Amino acid sequence: MQPKIMMKKKSISASKASLVLFLCQMISALDVPLDSKLLEELSQPPTITQQSPKDYIVDPRENIVIQCEAKGKPPPSFSWTRNGTHFDIDKDAQVTMKPNSGTLVINIMNGGKAEAYEGVYQCTARNERGAAISNNIVIRPSRSPLWTKEKLEPNQVREGDSLVLHCRPPVGLPPPIIFWMDNAFQRLPQSERVSQGLNGDLYFSNVQPEDTREDYICYARFNHTQTIQQKQPISVKVFSTRPVTERQPVLLTPTGSTSTKVELRGNVLLLECIAAGLPTPVIRWIKEGGELPANRTFFENFKKTLKIIDVSEADSGNYKCIARNTLGSAHHVISVTVKAAPYWITAPRNLVLSPGEDGTLICRANGNPKPSISWLANGVPIAIAPEDPSRKVDGDTIIFSQVQERSSAVYQCNASNEYGYLLANAFVNVLAEPPRILTPANKLYQVIADSPALLDCAYFGSPKPEIEWFKGVKGSILRGSEYIFHDNGTLEIPVAQKDSTGAYTCVARNKLGKIQNEVQLEIKDPTVIIKQPEYKVIQRYGQVSFECIIKHDSTLLPTVIWLKDNDELPDDERFLVGKDNLTIMNVTDKDDGTYTCIVNTTLDSVSASAVLTVVAAPPTPAIIYARPNPPFDLELTGQLERSVELSWIPGDENNSPITNFVIEYEDGLHEPGVWHYQTEVPGTQTTVQLKLSPYVNYSFRVIAVNEIGRSQPSEPSEQYLTKSANPDENPSNVQGIGSEPDNLVITWESLKGFQSNGPGLQYKVSWRQKDVDDEWTSVIVANVSKYIVSGTPTFVPYEIKVQALNDLGYAPEPSEVIGHSGEDLPMVAPGNVQVHVINSTLAKVHWDPVPLKTVRGHLQGYKVYYWKVQSLSRRSRRHVEKKILTFRGNKTFGMLPGLEPYSTYKLNVRVANGKGEGPASPDKVFRTPEGVPSSPSFLKITNPTLDSLTLEWGSPTHPNGVLTSYILKFQPINNTHELGPLVEIRIPANESSLILKNLNYSTRYKFYFNAQTSVGSGNQITEEAVTIMDEVQPLYPRIRNVTTAAAETYANISWEYEGPDHAHFYVEYGVAGSKEDWKKEIVNGSRSFFVLKGLTPGTAYKVRVGAEGLSGFRSSEDVFETGPAMASRQVDIATQGWFIGLMCAVALLILILLIVCFIRRNKGGKYPVKEKEDAHADPEIQPMKEDDGTFGEYSDAEDHKPLKKGSRTPSDRTVKKEDSDDSLVDYGEGVNGQFNEDGSFIGQYSGKKEKEPAEGNESSEAPSPVNAMNSFV
């Protein structure tokens, strides 16, 4: 908003001709821009912003709140009068004034009586520049007196006669609402024959036998006190006489032939006529000498009541009601006179003047009778106010000339007659301010060529500054018809060209100073569609393409959007959007419609549309089917506030019947040019009743639809502007959540579009602290969706409500929601932390809960931080890895799983809320006891001789305590698969190898090996070995050294076989880690190689080799990985003929050597390899299946971990330990697990497992990140 100069003239009489020249030169007030920084710096007299209603009826049971809010600079002070004299609130303990406010709170709920505070109150807001006053506020407590006791005689009435049951409710304040019910609290049915009058009486035009009852009860509801009073039941008994005599109408109310009524302008006029007669009369209303006002006339109570809203003086006159039945009629004339309380023609407006300027305050009001005008200055009648030489009062006008800063004051205009008064405050604020430019410096404006360019220069100053514009730093002042200079300082270039680009300087000056500001203007080329989409007709299942080729400014980035029928394209892969086109594949009937190409940049937008018509391919020339022609001749009739009737004439249907009409509307007030779907009707219907919303400028159009598609839209109908109304609803999703410890952020979803129902949409945001005797605090904000309340206590509940309002009033009372101010970090740590060690891997921790008031937020739970300080069985320290377990809610204990035996741990406990964690409790140290060790890391048997074997082993990866010894058990296995006697040897814990002597030659032995602590023995590992005979490797059945060489889709498998001749081999394979059955391939002949084909590239496989007929003897598993997929095919050497021949020759030589060795042995017999399941079992352990992790059928005991491609099983018979750590069953509140309330398993352990070392050498655990916190359960 900028200062404006307006010439105002006043019609004067000849006796005041000396004022003509002065008034013609009168300068109006300066407008002060709504710039927050500027407003904070300018002095301003007080302005009343909020006050209680003139007639204020209060609930005598609740505190009385008399509102008086005002603004000003400096902030005003407040005082009150009561019944015309000063009201000293300091002397009344029941009365307080809100801080920084003039609002009075009279405490009735703590002993005060509302009747004692009846009276007329007036508030004064004062600062150094003047005083503003409120209306006279009349305080009256509501009253709901009891019904006076009366003796009611039964009513005995003859059938067909009239009857009036009198209610006569007690006089209340405000008057009660009357209704009739029976003993069952059911409303008595009313009709043209039986109805309730405006005075509350129940009228019977004629009684019938069914009217007999003893419970006609009149109720009076007093809304202010929420009480209902009940009259004693009235008894009616109808007796019959035959025949029933019919009677012509007679008026029961009003009586006589004429009456008068006076009503005030703007009120609702209610006129009533109720007649007796049989048959029941029908009521009709007319206005003598005129028509009943359209759109403001309503009939109620079965047309017995005439209601005219918003009456004016033109509604005065004679209104006649006519009651008629078949026997005759009766009438009554009511002479209505409309008077008027004062209403504004021109209310005085605030003046902001500079020293030496002139101005006027005008106060014009009308009414019936004509109101009198009186002036006050700072709340004092102007006749006795301090003299001001610059002021002259001329009836309804105050003229100011040559004002000075001391002329600042607040003036009150009072317009009154016998029906009421109007009071308006208007200040005169004299300011001397040098020019200020409010537009940001170096602001950049970008405009499309040939479009208007508006360069802002928002300013303020007193006196009003003069504005000049220059182009460039040293350019001349801009003048001429190619520029338009607006009063608010804006420079308009109506048609901006490329040469308009550059810097523009705005200069503002008055007698107190000068200031300038520079802005930049850039002119861009317009965006143009140089190849637009064209109309297409396509047969079903064909392909169609629309082009949209554009040209745009090189500095602007365009975006292209395609629409179908003004909506997004269907989510269908048949629609292909290219850079410059849209292609639709396999066209169907659903694709019929209008396709629009929209090109947007940050500065402009262009679009082009084309219609696609989909038709069936006619086998022979046939009737041409097309979309219908658009409807025409649209007409609006029956215009009401919330509805209108639309009719139209259909266009040609073009050989395809119209199936339906689609009605669309445009809101020319809020979204001109945008059409929205309203409704649709069947194709046989050409009229529709449309529901409307308030405050919308409607235009309608109709689209016809047939099987071919949609017609072009019809021409728009005439416009119809609906009246504004209060909002019907309030914002939704109201929430209150603090973002800081000292605030409350209130958010809501704003009303959209038509929901505003009128101009000036705002929100009344109210809040008060819950469970505290506090009043609502309210603020009215603009059309936003958030308000921040500062200075709140930390994390307290608030009651919140948000109410919509517009220029016409408020929406219904909103519902309340509960929110909380912001959280802060918890203040204290949990106390009395205790740890109970349950076993070597599990502990239970207890703590005392913190007081809820110290949480300062929503209690999320407790977090236990724990970490291993030292392993007592190792000297080396590892990276300290803290683990976190979270326990939801107000729990006071939790389980710590997955602990390492024989270790020292520390832990602390913290409480957590939505803001974060509180301080940690002091660290608590605890120790886990010893456990059984893991199995030795490996067992290797070497150096076989005739009677000895050498054993080497690695210590357990996890000793879990102090090792006391190793236990070695072994026994021979004979040729019948039976086990010999078991020998046990205890070996000191510090040994790592042993030579077993005095063994039998050429004998297989099975070894069992484990470690011990003081707690017990750990898991054992097993191995088998054979002593030699005559220093020559014995020939016994086995398959060893399985080797793989993998390519992309195949793998060469080779192996070494020791055993009887003529063995038939097979190869089994499968995907590594899969539980699927093994796939089996038979090897032809006695070859020791095989090619697996048809493998998947980049996949890990497991493989083993077996021999048929040797009790199912198999090799250990090997793991290999195929190579990644290659672009070109490589030569498979294993499929080449020369390679196969070479391998066959080698196999034949090996076979001959084996036969020679066999003959030299001079000892027959076979060495069956398949052994009984009980031959492999530890005599102290029952045999288990392979799935159980122990022994099933015989294996080489090779390491079953995956090997790299091309690796082979070690030949030194080394057995490596699997990663056999007990898997940590994770306990905390993380992903899968959960604890029950007794502390059993509820969550997931949050740390990462240690990685096992590859050999027996001990290694530190690799550091891993700590999972800081898991989600709450």
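In this text the structure is predicted, and so the values were computed from the model without any measurement. (Residues numbered from 1 in each chain as written. Predicted model: local features only at pLDDT ≥ 70, side-chain atom pairs only at ≥ 80, totals over all residues. Heavy atoms only, no water.)

Q: I'd like a description of the nonpolar core, backed by residues and values.
A: By size, the foremost hydrophobic cluster in this structure holds 29 residues, and its most contacted members are I64, I66, W80, I106, Y121 and I139. For this core, the secondary structure elements donating two or more residues are β2 (55-58), β3 (64-66), β4 (68-73), β5 (77-82), β8 (104-106), β9 (119-127) and β11 (137-141). For this core, the element with the highest residue contribution is β9, accounting for three residues. The next biggest cluster of nonpolar side chains, apart from the first, holds 20 residues, and it includes I1039, Y1069, V1083 and L1092. (Core = buried A, V, L, I, M, F, W, Y, C linked by side-chain atoms within 4.5 Å. Buried < 20%, exposed > 50% of the residue type's maximum accessible area, 1.4 Å probe, protein only. Helix = DSSP H or I, 4+ residues; strand = E, 2+ residues; numbered from the N terminus.)

Q: Can you lay out the pattern of salt bridges for me, pointing to particular residues and giving the numbers?
A: Per the stated rule, a full pass over the model turns up 38 salt bridges. A salt bridge links R701 to E664; the nearest nitrogen and oxygen atoms lie 2.8 Å apart. Residue R701 is found in strand β62 (residues 697-705), and its partner E664 is found in strand β59 (residues 660-667); the two are separated by 37 residues along the sequence. One connected set of salt bridges, linked through shared partners, spans R158, D161 and R247. (Salt bridge = Lys/Arg side-chain N within 4 Å of Asp/Glu carboxyl O.)

Q: Before we move on, could you go through a nonpolar patch on the surface and cite the residues and values that matter?
A: Taken together, the side chains of W1138, L1142, V1146 and I1150 define a hydrophobic patch exposed on the protein surface, amounting to about 400 Å² of accessible area. For L1142, a relative accessible area of 47% translates into the label partly exposed. (Patch = residues over 30% accessible without salt bridge, like charges linked within 9 Å, V, L, I, M, F, W, Y side chains within 5 Å. Areas by Shrake-Rupley, 256 points an atom, 1.4 Å probe, with all protein chains shown as cover.)

Q: Help me get a handle on the sheet that holds strand β76 (residues 893-896), residues and values and all.
A: Overall, antiparallel pairing links the three strands, which are arranged β72-β73-β76 in an open sheet. Edge positions in the sheet fall to β72 (831-839) and β76, since each has one partner strand and no second. Neighbouring strand axes in the sheet, compared pairwise and without regard to direction, differ in orientation by 20° on average. Two elements, strand β73 (residues 842-848) and β76, share four bridges in a ladder whose sense is antiparallel. In the strand pairing of β76, A843 is matched with L896. (Pairing = 2+ DSSP bridges. Axes fitted to C-alpha atoms, helices over the stretch in contact; angles between N-to-C directions.)

Q: I'd like a rundown of the pairing of strand β88 (residues 1064-1071), residues and numbers included.
A: Across the eight residues of β88, six count as buried, placing the element largely inside the fold. Looking at chain direction, β88 and strand β91 (residues 1100-1108) are connected through eight bridges and run antiparallel. Residue V1067 lies in a different strand from β91, and its bridge partner there is V1105. Inspection of the sheet shows β88 paired to strand β89 (residues 1079-1082) by four bridges, in the antiparallel sense. When the sheet's bridge partners are listed, V1067 is paired in β89 with E1081.

Q: Before we move on, can you summarise the pairing of strand β37 (residues 420-430) with the specific residues and values?
A: Counted residue by residue, β37 has eight buried out of 11 residues, so it is predominantly covered. When strand β29 (residues 351-353) meets β37, the two strands line up parallel, connected through three bridges. Considered in β37, the bridge of L351 is made with V428. Both strand β36 (residues 409-417) and β37 contribute to a ladder of nine bridges, which runs antiparallel. Within the sheet, the bridge partner assigned to A415 lies in β37 and is L422. Remark: two residues form the turn of the hairpin made by β36 and β37, two consecutive strands paired antiparallel.

Q: Can you tell me about the packing of aromatic side chains, naming the residues and giving the values?
A: Inspection of the entire model under this criterion finds 23 aromatic pairs. Aromatic pair F87 and Y121: ring centres 5.8 Å apart, planes at 70°, arrangement edge-to-face. Residue F87 is found in the loop between β6 (85-86) and β7 (95-97), and its partner Y121 is found in strand β9; the two are separated by 34 residues along the sequence. The buried category is assigned to F87, whose relative accessible area is 10%. (Phe/Tyr/Trp six-rings, centres within 6.5 Å; stacked < 30°, edge-to-face > 60°.)

Q: Report on the state of the cysteines, specifying residues and quantitative values.
A: Inspection of every chain in the model, using the stated rule, returns six disulfides. Put simply, C68 and C123 are joined by a disulfide, and their sulfur atoms are 2.0 Å apart. With the S-S bond torsion at -70°, the cross-link from C68 to C123 turns out left-handed. Placement of the pair is C68 in strand β4 and C123 in strand β9, with a sequence separation of 55 residues. By the burial criterion, C68 is buried, and C123 matches it. Disulfide pairing is shown between C363 and C413; the S-S distance is 1.6 Å. Disulfide C363-C413: the torsion about the S-S bond is -65°, which places it as left-handed. Note that C363 is positioned in the loop between β30 (359-362) and β31 (364-368) and C413 in strand β36, a separation of 50 residues in sequence. Accessibility classification places C363 together with C413 in one group, the buried group. Disulfides within the chain link the bonded cysteines, taken in sequence order, as 1-2, 3-4, 5-6, 7-8, 9-10, 11-12. (Disulfide = S-S within 2.5 Å.)

Q: Outline the sheet that holds β89, supporting the account with residue identities and numerical values.
A: Ordered in space as β89-β88-β91-β92, the four strands form an open sheet in which the pairing is antiparallel. The open sheet has two free edges, formed respectively by β89 and β92 (1118-1121), since each of these has just one partner strand. Averaged over neighbouring strand pairs, the angle between their axes works out to 30° when direction is ignored. Pairing of β91 with β92 involves four bridges; the strand directions are antiparallel. The partner of K1102 across the bridge, within β92, is V1119.

Purely spatial values, then, with no claim about function.
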